[in-house]
Amino acid sequence: MLFSGKGRHRRPSKPTRLATAAGVTGAAVAIPLIGATGANAASVDTWDAVAQCESGGDWSINTGNGYYGGLQFSSSSWAAAGGTQYAPQANQATKDQQIATAEVLLSMQGPGAWPVCGARAGLSAGGPAAEVSPGGAAEESAPAEEAPAEEAPVQEEAPAPAPAPQSTAPAESAPAANGDTYTVVPGDTLSKIAAAHGTTWQELYQRNTSVVGDDPNLIFPGQQLAL
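Values in this document were obtained by computation on a predicted structure and should not be read as measured data. (Residues numbered from 1 in each chain as written. Predicted model: local features only at pLDDT ≥ 70, side-chain atom pairs only at ≥ 80, totals over all residues. Heavy atoms only, no water.)

1. Focus on the overall build of the chain
- Helix and strand content of the chain: eight helices and four strands.
- Long-range contacts, defined here as pairs at least 24 residues apart, represent 63% of the contacts in the chain between residues at least 6 apart.
- With an accessible surface of roughly 13,800 Å², the chain has 53% of that area assigned to carbon and sulfur atoms. (Helix = DSSP H or I, 4+ residues; strand = E, 2+ residues; numbered from the N terminus. Contact = heavy atoms within 4.5 Å. Areas by Shrake-Rupley, 256 points an atom, 1.4 Å probe, with all protein chains shown as cover.)

Structural data, given as structure tokens:
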């Protein structure tokens, strides 16, 4: 594709070079930017034929030769025909966007913008306008909107039951004479009980290992300790 000084997609043929050397100007020579008109257009089928000749019909091709997309736009011709409103390079635009831009370039330079493939495809400035929908700049398609899920009826929560009082069944205490036992109350420790009864917690624990168990730091309300 073009919009260079020579105004060619590809190297011009020998007759064209001779015509240029002789000073003959034509549609292939760069001309000022003008708007597309209905008389300068081609059908989608014609543009498909041009693309088949230019790029094998690959609308996203970029071979690194300076020409891009199915119709092989150069960067300058793509920008001059307004293609950058869709994508920075032609190969990044959709087929419809490339054809819409080609319609503008055709109105600017005529079929000579594609000197070889345009002739082979029967491209002319007087064809019917291509029916395309170029849209705006390419955007990531949004995911299809899903129908909102039906809300489950709100169920009233039953009040949580009051926690059962923590209790550990005390092991059976050794028989003791009346007045020689002590019933543990909340906040008691072996040290506190021992101090209140004139002994040490170690002695108190030794007398009540079958009641207290392996951990002297863990006693429970309701346990009966031998003093």
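2. Re the confidence of the model for the chain
- Model confidence for the chain is summarised by a mean pLDDT of 74, while 62% of its residues fall at 70 or above.
- Confidence drops under pLDDT 50 across residues 1-39; counting only partners more than four residues distant or on other chains, this segment forms 76 contacts.
- Segment residues 167-178 is flagged for pLDDT under 50; beyond a separation of four residues in sequence, or across chains, it makes nine contacts in the model. (pLDDT = per-residue confidence, 0-100.)

3. Quick word on the nonpolar core
- Ranked by size, the top nonpolar core spans 29 residues in total, and within it Trp47, Val50, Leu71, Phe73, Leu105, Trp114 and Leu123 carry the most contacts.
- Mapped by element, the contributors of at least two residues to this core are helix H2 (44-55), helix H3 (75-80) and helix H4 (95-109).
- Counting residues per element, this core draws most heavily on H4, at seven residues.
- Apart from residues no more than four positions distant in its own chain, valine 50 is found in contact with Leu71, Trp114, Cys117, Gly118, Ala121 and Leu123.
- In terms of nonpolar packing, the next biggest core, distinct from the first, is built from ten residues, Val184, Ala194, Leu204 and Tyr205 among them. (Core = buried A, V, L, I, M, F, W, Y, C linked by side-chain atoms within 4.5 Å. Buried < 20%, exposed > 50% of the residue type's maximum accessible area, 1.4 Å probe, protein only.)

4. Considering the packing of aromatic side chains
- By the definition in use, this model includes three aromatic pairs.
- Ring centres of tryptophan 47 and tryptophan 114 lie 5.1 Å apart, and the angle between their planes is 70 degrees; on these two criteria the pair is classed as edge-to-face. With tryptophan 47 in helix H2 and tryptophan 114 in the loop between H4 and helix H5 (117-120), this pair connects stretches of sequence that are 67 residues apart. A single burial state applies to tryptophan 47 and to tryptophan 114, both of which are buried.
- Members of the aromatic cluster, connected to one another through ring pairs, are Trp47, Phe73, Trp78 and Trp114. (Phe/Tyr/Trp six-rings, centres within 6.5 Å; stacked < 30°, edge-to-face > 60°.)

5. Some remarks on the environment of proline 134
- By the secondary structure assignment, proline 134 is in the loop between H5 and strand S3 (181-183).
- Looking at proline 134, the relative accessible area reads 21%, which means it is partly exposed.
- Along the backbone, proline 134 and threonine 101 are 33 residues apart, and their C-alpha atoms lie at a distance of 9.0 Å.
- Those residues in contact with proline 134 that lie beyond four places of it in its chain are Tyr86, Asp96, Gln97 and Ala100.

6. Some words on the pattern of salt bridges
- Enumeration over the complete set of coordinates arrives at two salt bridges.
- The partner of arginine 207 in a salt bridge is glutamate 203, with the nearest N and O atoms 3.9 Å apart. Here glutamate 203 and arginine 207 lie together in helix H7 (residues 201-207), a separation of four residues that amounts to about one turn.
- Residue arginine 207 is classed as partly exposed on the basis of its relative accessible area of 40%. (Salt bridge = Lys/Arg side-chain N within 4 Å of Asp/Glu carboxyl O.)

7. Description of the state of the cysteines
- All chains considered together, the criterion is met by one disulfide.
- The disulfide bridge from cysteine 53 ends at cysteine 117, spanning 2.0 Å between sulfur atoms. Across the S-S bond linking cysteine 53 and cysteine 117, the dihedral sits near -70 degrees, which makes this disulfide left-handed. Taken together, the residues cysteine 53 in helix H2 and cysteine 117 in helix H5 connect sequence positions 64 residues apart.
- Of the residues examined, cysteine 53 reaches a relative accessible area of 26% and is grouped as partly exposed.
- On the accessibility criterion, cysteine 117 (6% relative accessible area) is buried. (Disulfide = S-S within 2.5 Å.)

8. Comments concerning the environment of alanine 194
- Structurally, the position occupied by alanine 194 is in helix H6 (residues 190-196).
- A relative accessible area of 1% means that alanine 194 is categorised as buried.
- Residues alanine 194 and leucine 204, ten residues apart in the sequence, show an inter-C-alpha distance of 6.4 Å.

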